[in-house]
Amino acid sequence: MPANDKPPSGHSEKSTGTPAGGVVMIYATFPDQATALAAGRDLVERGLAGCVNVLPAMTSVYVWKGATETAEEAVLIAKLAAEGAERAAAYIVANHPYETPAVLVLPVTGGSDAYLDWVRTGTRL
């Protein structure tokens, strides 16, 4: 029997690195859950993101001003229309408590078509 190399029905998959359904994710770290949640709520209420998840606890290890640091942080993951990524990332940076916040825009290369459409409709461009 030949292998099925097609995505399941109702899913998008692109191997080019192009955002599936025009959706990207923003990964950003915050000093605590409350700060990340407030930022996430702002992003959704302003229409900058269709959906935000906040992971309340993780540990980061990094070099800051010449010293190795360890910090407990929270993670914000925003899902939004690709066209709004620059605006959303700029909003996070401008309203972030860190001097140099970690803000990464990541392509979504596959997913449920219905979910990707829902995320796009939650993002006002």
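Above this note sits the structure.
Here the structure is a predicted model, which is why all the values come from computation and not from measurement.

A. Inspection of the overall build of the chain at higher detail. Assigned secondary structure in the chain consists of 3 helices and 6 strands. Secondary structure elements of the chain, listed N to C terminal, follow the sequence β-β-α-β-β-α-β-β-α. Of all 125 residues assigned to the chain, the portion counted as buried reaches 35%. For the chain, long-range pairs separated by at least 24 residues make up 77% of all intrachain contacts whose partners lie at least 6 apart in sequence. Of the roughly 7,500 Å² of accessible surface on the chain, a fraction of 56% belongs to carbon and sulfur atoms.

B. Expanded view of the environment of Y62. As for its position among the elements, Y62 is in strand 3 (residues 51–64). In this structure Y62 touches A67, T68, E69 and A71, once residues within four positions along its chain are discounted.

C. Spotlight on the sheet that holds strand 4 (residues 67–81). A sheet is described by the order of its strands in space; here 4 strands give the open sequence 3-4-2-5, paired in antiparallel fashion. Only two strands of the sheet have a single partner each, and these edge strands are strand 3 and strand 5 (103–107). Geometrically, the sheet is characterised by an average inter-axis angle of 25° between neighbouring strands, direction not taken into account. The strands touched by helix 1 (residues 33–45) within the sheet are strand 2 (23–30), strand 3 and strand 4, with strand 3 carrying the most contacts at an inclination of about 130°. The strands touched by helix 3 (residues 113–121) are strand 2, strand 3 and strand 4; relative to strand 4, the strand with the most contacts, the crossing angle is about 95°.

D. Quick peek at the layout of surface pockets. What the largest pocket holds in volume is close to 250 Å³. Lining the largest pocket are T29, S60, Y62, V63, W64, A71, E73, Y98, E99, T100, P101 and A102. When contributions to the lining of the largest pocket are tallied by element, the ones reaching two or more residues are strand 3 and strand 4. Here the element with the most residues in the lining of the largest pocket is strand 3; it accounts for 4 residues.

E. Spotlight on the pairing of strand 4. Bridge count between strand 2 and strand 4: 8 bridges; the pairing is antiparallel. Paired with A28 across the two strands is L76, which belongs to strand 4. Pairing geometry for strand 3 and strand 4, over 12 bridges, is antiparallel. The residue bridging Y62 from the neighbouring strand is E69, located in strand 4.

F. Looking closely at the nonpolar core. Counting residues in hydrophobic clusters, the biggest one holds 20 residues, and the most contacted among them are I26, F30, L43, L76, A78, L80 and I92. Among the nonpolar cores identified, the runner-up in size contains 5 residues, and A20, V23, L116 and V119 belong to it.

G. Quick look at the pattern of salt bridges. Enumeration according to the criterion identifies 3 salt bridges in this entry. E99 is paired through a salt bridge with K65; the nearest N and O atoms lie 3.5 Å apart. Of this pair, E99 sits in the loop between helix 2 (85–94) and strand 5 while K65 sits in the loop between strand 3 and strand 4, and the two are 34 residues apart along the sequence. No difference in accessibility class separates E99 from K65, as the two residues are exposed. Here E83 and R120 are joined by a salt bridge, their closest N and O atoms 3.0 Å apart. Residue E83 is found in the loop between strand 4 and helix 2, and its partner R120 is found in helix 3; the two are separated by 37 residues along the sequence. The exposed category is assigned to E83, whose relative accessible area is 52%. Assessed through its relative accessible area of 26%, R120 is described here as partly exposed.

Conventions adopted
- Residues numbered from 1 in each chain as written.
- Predicted model: local features only at pLDDT ≥ 70, side-chain atom pairs only at ≥ 80, totals over all residues.
- Heavy atoms only, no water.
- Helix = DSSP H or I, 4+ residues; strand = E, 2+ residues; numbered from the N terminus.
- Buried < 20%, exposed > 50% of the residue type's maximum accessible area, 1.4 Å probe, protein only.
- Contact = heavy atoms within 4.5 Å.
- Areas by Shrake-Rupley, 256 points an atom, 1.4 Å probe, with all protein chains shown as cover.
- Pairing = 2+ DSSP bridges.
- Axes fitted to C-alpha atoms, helices over the stretch in contact; angles between N-to-C directions.
- 1 Å grid on protein atoms, 1.4 Å probe; cavity = no way out; pocket = protein on both sides within 12 Å on 5 of 7 lines; lining within 4 Å.
- Points joined across faces, edges and corners; volume = space filled by probe spheres on them.
- Core = buried A, V, L, I, M, F, W, Y, C linked by side-chain atoms within 4.5 Å.
- Salt bridge = Lys/Arg side-chain N within 4 Å of Asp/Glu carboxyl O.

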